[in-house]
Structure formats: C-alpha cells, structure tokens
Amino acid sequence: MFDVAILGAGVSGSALAYQLSRFHLDVVVLEKENDVSLGASRANTAIVHGGYDPPPDTLMGHLNVDGARMCMELVDRLDVEFRKTGSLIVAFDDEDMKEVHNLYDRGLQNGVPSMEILDGEEVSRREPNLSKEIIGALWVPESGVINPWEFTLAMMEVAVREGVELKLCEKVIGLKRQDKGFLIETERGTYSARYVVNATGVHSEKIHNMVAEPAFHIHPTRGQYYLLDRSVGEVVNSVVFQCPSPLGKGVLVSPTIHYNTLVGPDSEVVEDCENTSTTREALDDVARQAKRSVPSLQLGSNIRNFAGVRANSDYGDFYIKISAPYFLDIAAIKSPGLTCAPRIATYAIELLREAGLDFKEKETWDGTRSVVRFKEIPEEEREAFIRENPLYGRVICRCETITEGEIVAAIHRPITPVSLDGIKRRAGTGMGRCQSGFCGPRVLEILARETGKATEDILQDKEGSHILIGDTKEGRV
Ligand SMILES: Cc1cc2nc3c(=O)[nH]c(=O)nc-3n(C[C@H](O)[C@H](O)[C@H](O)COP(=O)(O)OP(=O)(O)OC[C@H]3O[C@@H](n4cnc5c(N)ncnc54)[C@H](O)[C@@H]3O)c2cc1C
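Residues numbered from 1 in each chain as written. Predicted model: local features only at pLDDT ≥ 70, side-chain atom pairs only at ≥ 80, totals over all residues. Heavy atoms only, no water.

Trainee: If you had to explain the sheet that holds strand 8 (residues 144–146) to someone new, which residues and values would you point to?
Mentor: Within a sheet, neighbouring strands are paired by backbone hydrogen bonds and run either parallel or antiparallel to one another. Spatially, the three strands line up as an open sheet ordered 3-8-4, and their pairing is antiparallel. Every interior strand has two partners, whereas the edge strands, strand 3 (47–48) and strand 4 (82–83), have only one. Strand direction decides the pairing type here: strand 4 and strand 8, joined by two bridges, are antiparallel. Looking at strand 8, one finds that R83 is bridged to V145. (Pairing = 2+ DSSP bridges. Helix = DSSP H or I, 4+ residues; strand = E, 2+ residues; numbered from the N terminus.)

Trainee: Just give me the short version of helix 2 (residues 59–77), but keep the residues and values in it.
Mentor: In a regular helix each residue adds 1.5 Å, so 19 residues correspond to 27 Å; helix 2 covers 26 Å between its end C-alpha atoms and thus fits that length. Most pronounced at V65, the bend in helix 2 amounts to some 30°. (Expected span 1.5 Å × (residues − 1). Bend = angle between axes of the 7 residues up to and from the residue.)

Trainee: So what's going on with the site of the ligand? Residues and values would help.
Mentor: Neighbouring the ligand are 37 residues, the closest being S12, E31, S41, I333 and T339. Burial of the ligand by the surrounding chains reaches 97%, relative to a free accessible area of 1,000 Å². A class-by-class count of the residues in the shell around the ligand yields 15 nonpolar, 15 polar and seven charged. (Near = heavy atom within 4 Å. Areas by Shrake-Rupley, 256 points an atom, 1.4 Å probe, with all protein chains shown as cover. Nonpolar A, V, L, I, M, F, W, Y, C, P; charged D, E, K, R; others polar.)

Trainee: Now, about the packing of aromatic side chains: what can you tell me, with residues and values included?
Mentor: Under the defined criterion, the tally for this structure stands at 11 aromatic pairs. A cation sits over an aromatic face here: R126 above W139, 5.1 Å from the ring centre. If you follow R177 out to its NZ or CZ, it ends over the ring of F182, 5.2 Å from the centre. (Phe/Tyr/Trp six-rings, centres within 6.5 Å; stacked < 30°, edge-to-face > 60°. Lys NZ or Arg CZ within 6 Å of the ring centre and 35° of its normal.)

Okay, structure coming up:
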C-alpha cells in the first residue's frame, strides 16, 4: 500500500510529488496521459504572476506572492528556463487608472514587493511599441515568464529520481474507501493508498464527487493564443496586460522565454473540458484586443495557434481542502495556479500533516537538476565539449539550435518520452519557425533508436497520435 497517491501529473501534482520526495514516504502518481504536463500546465500564458490580482481574502491571494518567490528560487535549483521581465498593467482612461490604483492597493495587501504606478510618458519610454493612448500603468517587477512544461517535468523528474513512482496512462475511474485508505481503480488496474490527493485539474470535480458531497462546479474556460516568430523582434520587454475584467486577466502581449511574442488569451466557457481547438472568431477577437495595446502587432508572423482550458469554478478560489477522511483536494486550480504550485504543495503538506500523515525527512535528498543547452555553452568551450561527446556537434533542430546530444540526454532522463511533443517539451525541438517540419522526422528516428521502438510506434503527442502508418508489434496502425 502506498502512503500517498497523487492523481494527476500537472504542475500541482508534480510540485507536490517533488516536495513529498524529501520524506520517507511511498508515493505514487497516477496520470491518465502518456506524459507529465499534458493538461492546463502545458497550454497557458506561462507567467509567474506578481500577485496584485487575486482578492486578498482568497487562498489565491495568500499563496501567490510566496508561490512567485518559490518559482524564482526553483528555476535556479531545477535549471528551468525563466526570464524576470516584470509586468505592466496598462490604463487607457481614467476608469482604468482607478483600477490600476485598486490593483496597487490589492497588491500591497497581498504583500507584492516593489510595485510602482507609472505615467504614460514613462510607460512609453520603457515600451516604445505600446499605444500612445495609454495614460499610465502598474509596474510589477517581481514577475516573469517561465517554461511551464519544463518546470512541471523538472519537478517530477527529481521526484522520480528521489523515489516517487510515476504511473502514466493510468486514468482513475473509481475510488473506494477501505479500512485504512482507498482502493483506486484505474482503466488498467488497481492501487491501494492511505491518502489520496486529487490534482486532476479540469477533471477534479468528477474525482471529488467520487468520495465527497458536491462542493464546487468546474466551468472549463478556454483561452486561445498566437505565438509570433522571433523575426518580428522584441515587441515588448515586459508582460503587458490590460486591466482585468470579471472574465479574467484579459488579453496580453508578452515576451516568451525563447524571445518570441505571445498574444492572448480570450476567455470562453466550453462544454468539453478537453476542447483545445482554436477558432477563427476567437482568434480575431484576441487580435483586435491585443492591437489596442500594441497597434503595430504583426499577426501575420504567427507560427502557431493553441488553446488551453482553465479549471475555473463557481467556488471562485482554489479548492484545497481535506474533503473526506484521507482525501485531499487540490482542485479548481485556475490562474495563477502555475505560479502558486510550489506554495500549494507546501500548503498541501501542512494539511496532510494535520490529517495525520507522518513526515520523516530523508537524511539525503537532492532537490536539484541540471541540463545541457548547447547554444548557451560559450563559443570557446564548444569544441572541447563536442570532442567529448560528438552528438553535441550535430544540430537537429535548426530553428532553435538543438543538438542530437540534447535530444539523447532528454530521452534518458528519469521520465522517458514517447512522442515528438515529449522531446519538444524536454529539449525544445520544433519550437521555432518550422514547427518541426524539418527536424520532426530526424527526432522521430532518434527517439525510436534510443528507446528500441519501431518508428511506427512513435507518437506525435497523446495516445493514438501515430505519425507513420505501418505494422507495429500490436498490429497495423
Ligand atoms: C489559458 C490559460 C492561461 C493560464 N495562464 C496562467 C499564467 O500565466 N500563470 C499562472 O500562474 N497560471 C496560469 N494558468 C493556470 C495554470 O495553468 C493552471 O492553474 C495549472 O496549470 C493547473 O495545474 P494542475 O496540475 O492543477 O492541472 P493540470 O495541469 O490540468 O493537470 C491535471 C492532470 O490530471 C490528469 N488527470 C485528469 N483526470 C485524471 C484521471 N481521472 N486520472 C488520472 N489523471 C487525470 C490530467 O491528464 C492532467 O495531467 C492558465 C491556465 C490556462 C488554461
């Protein structure tokens, strides 16, 4: 029997797995997909929010500032891509300016450090591409952009290396109370665990309702984006928000960790909580709103559209509670869930401790990780590096300058990828202008070679997303 079963390997489940791996506990993570971070944690705006937005009397308000600080510490420990760009919340008229002052006050209550209110001239000096109609802004320096799936994977990789068991393709379909804990039924088998943690994102209502009275209702809320090619240059230096509305933080224009420009998201309640398709109407609306902030925005340089689905709920806050004996909900984790994840994990540990779980720290625990990014190695050291491992001398992804050495290293880290998108999330291949049109086939061959699989067995992304047609061990696909 496991001490703890975490259901869901998004950023919430992975952050908790990471924190639990420092203790003498048998922990299992059950994830329905074939990799970590395939829910909201891979398709979001990727911002480490400063903490001025959530109401101070909410859990979101309590956890945000600590969460942001912990993210910024963890990116160093885990070697995760992050840029501390700061954020601007711009005002177009006096009404907006009132909102900017409200956000400033709210930020003070939430403990956000070093905020400033800027006038239009100062905004224009810092961000020359912004609309000249902007009359002022809130400046939040303690915020930035992160690689969200790398962050999630890095925490889970360390957790697995430090003893947590990760079981992929294990969709939980039933939970039964046993004498001492739960019997967890998945589509492929059963597991026993004393404590169960529900970190299943947009599906968290369903899992909650298996063991407790209904307490919240998820309204899956889709957001759509444009990702612009680097050739448009650095359109903005910081994350540029408009004033938030009841629907969310609004459409923003933001730099990414890879110096592209991200534009979006809108906010639309959808029936199917896994509906990540994009639509012409929504993207047109995103474009219209974004051009209000940056009139010269060149959306013709778009290299990818994508969508993510938020676990918004009628509860209006994160739902993090011991909802039944031995059952902890980390549910309805909407924005700023990515930012708060590390702090949600330590808060969850406080709740599990109060619920009777014993925490005995391991004598040795290594909470760090590092990766090689060949393009960041100084010119003068590259030759020696390649001499030692010639695979680093072979560039596979030309757009992003990713070498075979990086791809092979990513495959042999603690969580083996099974798809081209799995390599993309680990090594960064296919992130550039060609969107893997050139490197895709070569990455496929390397992944098949290194994992001993047939090329026909390599997937694009989730289960069933075969790329090549042919005979596999399981039959014809
Ligand atoms: C459009 C958008 C923009 C956002 N922007 C930001 C931002 O800029 N900054 C920020 O801080 N936050 C942002 N967020 C919020 C943030 O992305 C989420 O709060 C966070 O990723 C939620 O993580 P999670 O682990 O709770 O859920 P998820 O990442 O969705 O993970 C849940 C996991 O549970 C698995 N699962 C579900 N059902 C089962 C089952 N039955 N059995 C086993 N596994 C199951 C899923 O496959 C998934 O892997 C945004 C969200 C969206 C959608």
